[in-house]
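What the coordinates show
Letter by letter, the chains look like this.
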Amino acid sequence: MPEEPLEDLFARLKRERRHADGVYNDALLALEHAFRMLPALPAEPRLFQPSPPPVDTSGGMKAAVRGVRAVLWRILGSSPHMEHRFHDLVEHAHWSAELRHTLAALLGVARSEARFVSLLVQYLQTITPYVDTRDRQIGGHELSDRVALVEQRLMVIKRDLEARPGGKTDGKTDGKTVAKSIPAPTGASASREAFAGNVDSATYAGFEDRFRGAREDVRRKVEDYVPLLAASSSAVVEVGCGRGELLELLRASGVSARGVDVNHAMVERCRIRGLDVEESDALAYLDRQPDGAVGGLVAIQVVEHFEPGYLAQFLETAYHKMRPGAALILETINPACWAAFFDAYIRDLTHKQPLHPDTLRHLVEASGFTGVNVQFREWVTEAERLDRVTVATPDRPDAVPMAVDPLAANGGAPGTDLARIAAALNAHADKLNPRLFSSRDYAVIARR
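As a starting point, this report considers the structure included with it. (Residues numbered from 1 in each chain as written. Predicted model: local features only at pLDDT ≥ 70, side-chain atom pairs only at ≥ 80, totals over all residues. Heavy atoms only, no water.)

1. Let's talk about the side chain of Ser438
Checked against the element boundaries, Ser438 lands in the loop between helix H15 (416–436) and strand E9 (439–447). Looking at Ser438, the relative accessible area reads 10%, which means it is buried. Of the polar contacts made by the side chain of Ser438, one reaches the backbone oxygen of Pro434; its length is 3.5 Å. Those residues in contact with Ser438 that lie beyond four places of it in its chain are Asn334, Cys337, Glu378, Trp379, Val380 and Asn433. (Helix = DSSP H or I, 4+ residues; strand = E, 2+ residues; numbered from the N terminus. Buried < 20%, exposed > 50% of the residue type's maximum accessible area, 1.4 Å probe, protein only. Polar contact = N/O pair within 3.5 Å; in protein donor to acceptor, adjacent residues only side chain to side chain. Contact = heavy atoms within 4.5 Å.)

See below:
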């Protein structure tokens, strides 16, 4: 078989998965519709039994006269017997019509059941492709992630090798070869920093791809910030730009923006997309800018990576480098939401310090920014929160009791103890929900 490129393979697996999904869903819907349309069996038809002719049980002369008259009526035609036969003919006609109706109904039921069985067989035939394509796609996703990580690492190794003396170069000055490379951390600092090297930066980029979410999802989350930054229309800086979702949205809106990131792999991926991104430390980049040169500053899921002292210096420097009226946007994980803290925050080992909303707001205000506002984002869904309970009462008989009422079971007043238990549980739910299941993220928004 000819070798199939991985991108073509993943695209084919995705097409096959979608096709199998469509065939499976169509077959299931057709089967469900046919089941709802199955007619009921008709009632069992009654048996036709001709009624017996009238019999005269009286005796004597009257009986003899009636016998003679009966003979004459049989010869000439007796009215009672004629009426009896006519009645039987009419009943037989009704019975025949009922029988034909019953047979027609049974034939309809048989046809519907035959169609249902046919659709059932077709549905069963779709299950195997549905499961197979699902399994293949799941494996394809894992393989794609691993291949992407390997490709990123190979790209970084290739660039590092080309940047060494004697290797291929990407720039020349005065006819002399200039090797462009960024020195890796050495000594104790290198041992303390996670994903510090160029190759290891690709590992963290893969981590972001897996846990940060798809590009489309991230774009949806950050698109609300575009109008706030578009007011300046120029010189917007995104610190920790990552894969560049916000930079792409700003570019599409006509806003001049530059990204800054210390992750080498992330910077390379942004540059491939034609984005203006500089590989630099955030504070070092701001120090190089003239005062009042930054038209807007945004950091999405970044400040939790800063040490407290670094964060304070970053905010002070940002205040001096930003224009008056420029927007400052700092989005981070909300550690006051325990679900977010134990799910998102502690998953990333590069996080340095959880920042309570009150803390970050105070730091921004203390740095001189005005109009400071906290916006809570990505609220935990109701399905993930603790439920409140209800107790069946005369005015709410449809409510499902949470348990058997022990007081009512012993002949006491119904609902008394159960209501107290429900009230206590609801009070606990009301206290825990704001702490456990509030907003996963928040953003501090301010003006210079």
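2. As for the pattern of salt bridges
Per the counting criterion, the structure on display carries 19 salt bridges. Two residues, Arg271 and Glu268, come together in a salt bridge whose shortest N-O distance is 3.8 Å. Highlighted residues: Arg271 and Glu268, both in helix H9 (residues 264–272), separated by three residues, approximately one helical turn. A single network of salt bridges, built from pairs that share partners, joins Arg258, Asp276, Glu278 and Arg288. (Salt bridge = Lys/Arg side-chain N within 4 Å of Asp/Glu carboxyl O.)

3. Comments concerning the sheet that holds strand E7 (residues 322–333)
Spatial ordering of the open sheet is given by E5-E4-E3-E6-E7-E9-E8, a layout of seven strands whose pairing is mixed. A strand with exactly one partner marks an edge of an open sheet, and here the two such strands are strand E5 (277–279) and strand E8 (370–379). Ignoring which end each strand starts from, the neighbouring axes of this sheet average 15 degrees apart. Strand direction decides the pairing type here: strand E3 (residues 236–239) and strand E4 (residues 257–261), joined by four bridges, are parallel. Counterpart to Glu238 in the pairing with E4 is Gly259. Set on the sheet, helix H8 (residues 245–252) makes contact with E3, E4, E5 and strand E6 (294–300); between it and E4 the angle comes to about 170 degrees. Against the sheet, helix H11 (residues 308–321) makes contact with E3, E6 and E7, and its axis sits at roughly 150 degrees relative to E7, the strand it touches most. (Pairing = 2+ DSSP bridges. Axes fitted to C-alpha atoms, helices over the stretch in contact; angles between N-to-C directions.)

4. With respect to the pairing of E3
With burial as the criterion, each face of E3 is covered, one bearing Val236 and Glu238 and the other bearing Val237 and Val239. Remark: the E3/H8/E4 crossover connection has right-handed handedness. Two strands pair when backbone bridges link them, and E3 and E6 are joined in this way by four bridges, in the parallel orientation. Following the sheet pairing, Val239 is matched in E6 by Ala299. (Right-handed = clockwise from strand over helix to strand, strands pointing away.)

5. Regarding the nonpolar core
Residues Leu297, Phe314, Leu330, Leu360 and Val364 are the most contacted members of the largest nonpolar core, which totals 29 residues. Those elements giving two or more residues to this core turn out to be E3, helix H10 (282–288), E6, H11, E7, helix H13 (357–366), E8 and E9. Residue contacts for Leu297: discarding those within four places in its chain leaves Val237, Val239, Phe314, Ala318, Met322, Ala327, Leu328 and Ile329. Counting 16 residues, the second largest nonpolar core, distinct from the first, contains Tyr225, Val236, Leu250 and Val298. (Core = buried A, V, L, I, M, F, W, Y, C linked by side-chain atoms within 4.5 Å.)

6. Overview of a nonpolar patch on the surface
The grouping of Leu41, Leu103 and Leu106 at the surface amounts to a nonpolar patch, some 300 Å² of accessible area in total. Note that Leu41 resides in the loop between helix H1 (6–36) and helix H2 (60–76). A relative accessible area of 63% places Leu41 in the exposed class. (Patch = residues over 30% accessible without salt bridge, like charges linked within 9 Å, V, L, I, M, F, W, Y side chains within 5 Å. Areas by Shrake-Rupley, 256 points an atom, 1.4 Å probe, with all protein chains shown as cover.)

7. Considerations on unusual backbone geometry
The phi dihedral of Ala235 falls on the positive side, at around 60 degrees, and the residue is not glycine. Here Ala235 is to be found in the loop between helix H7 (226–230) and E3. Backbone geometry places Gln301, a non-glycine residue, at a positive phi of 55 degrees. Residue position: Gln301 is located in the loop between E6 and H11.

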